[in-house]
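Structure at a glance
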Amino acid sequence: MSTSSREVAGKIPLQMVVIRPAKIFDISDVMRIERESFREAYPRGIFLLFLENNPDTFLVAEYAGRIIGYIMAYMRPDLEGHIMSIAVDPNYRGKGIGSALLTEAIERLIKRGARYVGLEVRASNIRAIKLYERFGFRKVKRVIGYYSDGEDAYYMILPAEEWRGN
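This text gives an overview of the structure that appears in the document. Once a new chain begins, its residue numbering starts again from 1 and follows that chain's sequence as written. Confidence filtering applies because this is a predicted model: local features only for residues at pLDDT of at least 70, side-chain atom pairs given and counted only at 80 or more, and all residues used for totals across whole chains, interfaces and linings. For the side-chain quantities, the full set of heavy atoms in the structure was used; hydrogens and water were omitted.

1. Focus: the overall build of the chain
The helix count covers DSSP runs of H or I at least four residues long, the strand count covers runs of E at least two residues long, and both are numbered beginning at the N terminus. When helices and strands are tallied, the chain shows five helices and seven strands. Written out in order from the N terminus, the α and β elements of the chain read α-β-α-α-β-β-β-α-β-α-β-β. Values of the radius of gyration come from C-alpha atoms, whereas the globule rule sets the reference at 2.2 Å times the count of residues to the power 0.38. In terms of C-alpha radius of gyration, the chain reaches 15 Å, essentially the compact-globule figure of 15 Å for 166 residues. Each of the 166 residues in the chain was classed as buried or not, and the buried ones make up 45%. Contacts are residue-level and defined by heavy atoms, with any inter-residue pair within 4.5 Å sufficient. The long-range share in the chain, meaning contacts at least 24 apart out of those at least 6 apart in sequence, stands at 65%. For the chain, the centre of its 25 positive side-chain charges and the centre of its 21 negative side-chain charges are spaced 4 Å apart. Think of it in three bands: residues with accessible area under 20% of the maximum for their type are buried, residues over 50% are exposed, and the middle band is partly exposed, with areas taken using a 1.4 Å probe on protein chains only. Note that His is not counted, nor are the chain ends; the positive residues are Lys and Arg, and the negative ones are Asp and Glu. To locate a charge, take atom NZ for lysine, CZ for arginine, CG for aspartate or CD for glutamate.

2. A few points about helix α4 (residues 97-111)
Relative to the 21 Å expected for 15 residues at 1.5 Å per residue, α4 spans 21 Å between its end C-alpha atoms, a close match to the ideal helical length. Every buried residue of α4 is listed here: Ile 97, Gly 98, Leu 101, Leu 102, Thr 103, Ala 105, Ile 106 and Leu 109. The length a helix should cover is 1.5 Å for every residue beyond the first.

3. Overview of the sheet that holds strand β2 (residues 58-63)
Ordered in space as β1-β2-β3-β4-β5-β7-β6, the seven strands form an open sheet in which the pairing is mixed. Strands with a single pairing partner mark the edges of an open sheet, and in this sheet they are β1 (18-21) and β6 (138-143). Strand-to-strand twist in this sheet, taken as the mean axis angle between neighbours without regard to direction, amounts to 25 degrees. Of the pairings in the sheet, the one linking β2 to strand β3 (residues 66-75) comprises six bridges and is antiparallel in character. DSSP bridges decide pairing: two strands pair if at least two such bridges lie between them. In this description, a line fitted to the C-alpha atoms serves as the axis of each element, helices being fitted only across the stretch in contact, and the angle between N-to-C directions of two axes falls anywhere from 0 to 180 degrees.

4. Things to note about the layout of surface pockets
Taken as a whole, the largest pocket spans an internal volume of roughly 1,000 Å³. Detection works on a 1 Å grid of protein atoms alone, calling trapped sets that fit a 1.4 Å probe cavities and calling open sets with protein on both sides within 12 Å along at least five of seven lines pockets, with lining residues defined by an atom within 4 Å of a point. Around the largest pocket, the lining is made up of 37 residues, and of these Phe 38, Ile 86, Asn 125, Ala 128 and Tyr 132 lie nearest the centre. Looking at the lining of the largest pocket, the elements that each hand over two or more residues are α2 (27-37), β4 (80-88), α4, β5 (116-122) and α5 (126-134). No other element matches the seven residues that β4 contributes to the lining of the largest pocket. Of the residues belonging to the lining of the largest pocket, the class tally is 17 nonpolar, eight polar and twelve charged. Grid points are joined across faces, edges and corners, and a volume is the space filled by probe spheres set on the points. Polar here means any residue outside two lists: the nonpolar Ala, Val, Leu, Ile, Met, Phe, Trp, Tyr, Cys and Pro, and the charged Asp, Glu, Lys and Arg; Gly therefore counts as polar.

5. Re the nonpolar core
Nine residue types can take part in a nonpolar core, namely buried Ala, Val, Leu, Ile, Met, Phe, Trp, Tyr and Cys, and a core is a set of them joined through side-chain atoms within 4.5 Å. Residues Ile 83, Leu 102, Tyr 132 and Phe 137 are the most contacted members of the largest nonpolar core, which totals 34 residues. Residue assignment for this core shows that the elements contributing at least two residues are β2, β3, β4, α4, β5, α5 and β7 (153-159). When residues in this core are grouped by element, the largest group, six residues, is from α4. In this structure Tyr 132 touches Ile 86, Leu 102, Leu 119, Val 121, Phe 137 and Met 156, once residues within four positions along its chain are discounted. Of all hydrophobic cores here, the second largest spans 14 residues; its members include Ile 33, Phe 50, Phe 58 and Ile 67.

6. Here's the deal with the packing of aromatic side chains
In this scheme Phe, Tyr and Trp rings, the latter by its six-membered ring, pair at centre separations within 6.5 Å, and the angle between planes marks the pair as stacked below 30 degrees, edge-to-face above 60, and tilted otherwise. Tallied over the entire structure, the rule returns ten aromatic pairs. Seen from their ring centres, Phe 50 and Tyr 74 are 5.9 Å apart, and the 80 degrees between their planes marks the pair as edge-to-face. In this pair, Phe 50 sits in helix α3 (residues 44-53) while Tyr 74 sits in strand β3, placing the two residues 24 residues apart along the sequence. Plain terms: the ring middles of Phe 135 and Trp 163 are 5.8 Å apart, the flat faces sit at 15 degrees to each other, and that makes the pair stacked. In this pair, Phe 135 sits in the loop between α5 and β6 while Trp 163 sits in the segment after β7, placing the two residues 28 residues apart along the sequence. The exposure classification of Phe 135 matches that of Trp 163, with both residues buried. When the ring centre of Tyr 147 is taken as reference, the NZ or CZ atom of Arg 122 above it lies at 4.1 Å. When the ring centre of Tyr 155 is taken as reference, the NZ or CZ atom of Lys 141 above it lies at 5.9 Å. Criterion for a charge above a ring: Lys NZ or Arg CZ within 6 Å of the ring centre, and within 35 degrees of the ring normal.

Taken by themselves, the reported measurements are silent on function.
Printed below as a string of structure tokens:
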């Protein structure tokens, strides 16, 4: 990354970030962020299917015409809102983008009738776990060998009645 990109990323005003539903033309950027963020990246087809089936809860964060983060969430039949994936461009982490995406997704899921919001997170991903705990999520179980590399996950939930809006 060039110095000028680093400077722009360092001075990003959160009010200039737009959280909006993803569009087909955003998928390449979403996949780039996915590959830069996770050892196991979802294939393109998953993103396209998710976009088709969950257009109001597949969100992106856009800043100065660039996609810098995304979140994919959906409603399960049992009225669980579920966060499938969330990631922020490594150059824009620690600036509130993930929190803004998570807040918007939770709000949308609760408006659609979610009784609670759930997610899985790598047991080693302390940064993400701390973010979720700040939002009121709590660990309810450890899922042994959840990831294909054998790592465990925590299943965490946030009951709708405990959502205080961040």
